[in-house]
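# Structural overview for review
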Amino acid sequence: MEIRLDNEDRTFHPDDMVSGVVVIDAGSSGESHQGITLFVLGCVKLQLSAKSIGIFEAFYSTLKPLKIIENQIQLVKPGRLRPGRHEFPFQFKLKSLEGMELFDTYHGVYINVNYGLYAKMNRGMLKKEYNKEMEFFVETVSALEESEQS
C-alpha cells in the first residue's frame, strides 16, 4: 500500500485542494477486503522532553491532543480487488474543523503541530489489516505577508 500526493513537496495552504491516490498491489490472486478508507488528521500535541520533566507534567497528563482537522473518506466499499495494481483517487479541501484554525506544521521541543493521511484496508477477522501513513505540511499566510500583498 502506498499514498501518493499530486503535489510532490507535500506542502499546502488553507483552502487548497489536496489530491492524490492510494495505490494497492493485490498480488497475483487478488485480495478480499472490508473497505478501504483514507483518514485525514491534523492536531496540536503537547510533548514532554527530558528537560521539561517537572515543568509540564501537570499539564501533559490533563491535555489531550487538539484536533484541528478530522476527515474520513471511503475510497472503496467492501469487496474483492482483482489481481494486479490498483489506484484509488482522493481529493479534499484543506479546511479546519468548525471553530478551529489551521497552524503551520511545527515540530518543536514542547509542541508539535502535524498533519497526516492514514490509509487503511481492513481485510477481515483473521487477516492483518494494511495501513500506510504520510505526513503533509501546512503553511499559513502570516500577518506580515498579508500586509506586503496589500
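Shown above is the structure to which this text applies.
Keep in mind the model is a prediction, meaning the values are calculated, not measured.

### Thoughts on the pairing of strand S5 (residues 36-46)
Taken together, the 9 bridges between S5 and strand S6 (residues 66-76) define a ladder with antiparallel strand orientation. Residue isoleucine 36 lies in a different strand from S6, and its bridge partner there is valine 76. The pairing of S5 with strand S10 (residues 111-121) spans 11 bridges and is antiparallel. Across the sheet, lysine 45 pairs through a bridge with asparagine 112, a residue of S10.

### A word on the side chain of threonine 37
Along the polypeptide, threonine 37 turns up in strand S5. The class for threonine 37 is buried, based on a relative accessible area of 15%. If sequence neighbours within four positions are ignored, threonine 37 has contacts with Gln72, Ile73, Gln74, Leu75, Tyr118, Ala119 and Lys120.

### Some remarks on the pattern of salt bridges
Side-chain pairs of opposite charge can arise whenever the charged atoms involved come near each other. Summed over the entire model, instances satisfying the criterion amount to 6 salt bridges. Among the ionic pairs, glutamate 2 bridges to arginine 4, the shortest N-O distance being 3.2 Å. A salt bridge links glutamate 87 to arginine 4; the nearest nitrogen and oxygen atoms lie 3.8 Å apart. In this pair, glutamate 87 sits in strand S8 (residues 85-93) while arginine 4 sits in strand S1 (residues 2-5), placing the two residues 83 residues apart along the sequence. Residue class for arginine 4 comes out partly exposed when judged on its relative accessible area of 31%. A cluster of three or more residues bridged by salt bridges with shared partners is formed by Glu2, Arg4, Arg85 and Glu87.

### Let's talk about the environment of aspartate 6
As for its placement among the helices and strands, aspartate 6 is situated in the loop between S1 and strand S2 (11-12). Spatially, the C-alpha atoms of aspartate 6 and valine 18 are 7.8 Å apart, while their sequence positions differ by 12 residues. Leaving out residues up to four positions away in the same chain, aspartate 6 has contacts with Ser19 and Gly20. Side chain to side chain, aspartate 6 and serine 19 meet in a polar contact 2.6 Å long.

### Concerning a nonpolar patch on the surface
On the surface, a cluster of nonpolar side chains totalling about 360 Å² of accessible area is made up of Tyr106, Val109, Tyr110 and Ile111. The residue isoleucine 111 is located in strand S10 in this model. The partly exposed category is assigned to isoleucine 111, whose relative accessible area is 37%.

### Some thoughts on the packing of aromatic side chains
One pass over the structure, following the stated rule, counts 3 aromatic pairs. With 5.9 Å between their ring centres and 80° between their planes, phenylalanine 12 and phenylalanine 136 make a pair best called edge-to-face. One end of the pair, phenylalanine 12, is in strand S2; the other, phenylalanine 136, is in strand S11 (residues 130-138), with 124 residues separating them in the sequence. This pair shows no difference in class: phenylalanine 12 is buried, exactly as phenylalanine 136 is. Note on tyrosine 115 and phenylalanine 136: the rings are 5.9 Å apart at their centroids and 35° apart in plane angle, and the pair reads as tilted.

### Some words on the nonpolar core
Within the largest apolar cluster, 30 residues are counted, with the highest numbers of intra-cluster contacts made by Leu38, Leu75, Phe90, Leu94, Leu117 and Phe136. Within the residue set of this core, elements represented by two or more residues are S1, strand S3 (17-25), S5, S6, S8, S10 and S11. Leaving out residues up to four positions away in the same chain, leucine 38 has contacts with Ile3, Val22, Asn71, Gln72, Ile73, Leu75, Phe90, Leu117, Tyr118 and Ala119.

Rules of the game
- Every chain begins its residue count from 1, and numbering advances along the sequence as written.
- Only residues with pLDDT of at least 70 are given local features in this predicted model, and only at 80 or more are side-chain atom pairs given and counted; all residues enter the totals for whole chains, interfaces and linings.
- Excluded from the side-chain calculations are hydrogens and water; all other atoms, namely the structure's heavy atoms, are used.
- Pairing between strands is defined by DSSP: at least two bridges between the two strands are required.
- Numbering goes from the N terminus for both helices and strands, where a helix is a DSSP run of H or I of at least four residues and a strand is a run of E of at least two.
- Only protein chains enter the accessibility calculation, which uses a 1.4 Å probe; a residue whose area is less than 20% of its type maximum is buried, one above 50% is exposed, and one in between is partly exposed.
- Contact between two residues is taken to exist if any of their heavy atoms lie within 4.5 Å; hydrogens are not considered.
- A pairing counts as a salt bridge when a side-chain nitrogen of Lys or Arg comes within 4 Å of a carboxyl oxygen of Asp or Glu.
- Counted as a polar contact is a pair of N or O atoms within 3.5 Å, where, for protein atoms, one must be capable of donating a hydrogen and the other of accepting one, and residues adjacent in sequence contribute only when both atoms are in side chains.
- Only residues above 30% relative accessible area that lack a salt bridge enter a patch, with like-charged residues linked at up to 9 Å and the nonpolar side chains Val, Leu, Ile, Met, Phe, Trp and Tyr linked at up to 5 Å.
- For the area figures, the Shrake-Rupley method with a 1.4 Å probe applies, and any residue is considered shielded solely by the protein chains shown.
- In this analysis, rings of Phe, Tyr and Trp, with Trp reduced to its six-membered ring, are considered paired at centre separations within 6.5 Å, and the interplanar angle assigns stacked below 30 degrees, edge-to-face beyond 60, and tilted for intermediate values.
- To define a nonpolar core, start from buried Ala, Val, Leu, Ile, Met, Phe, Trp, Tyr and Cys residues and group those joined through side-chain atoms within 4.5 Å.

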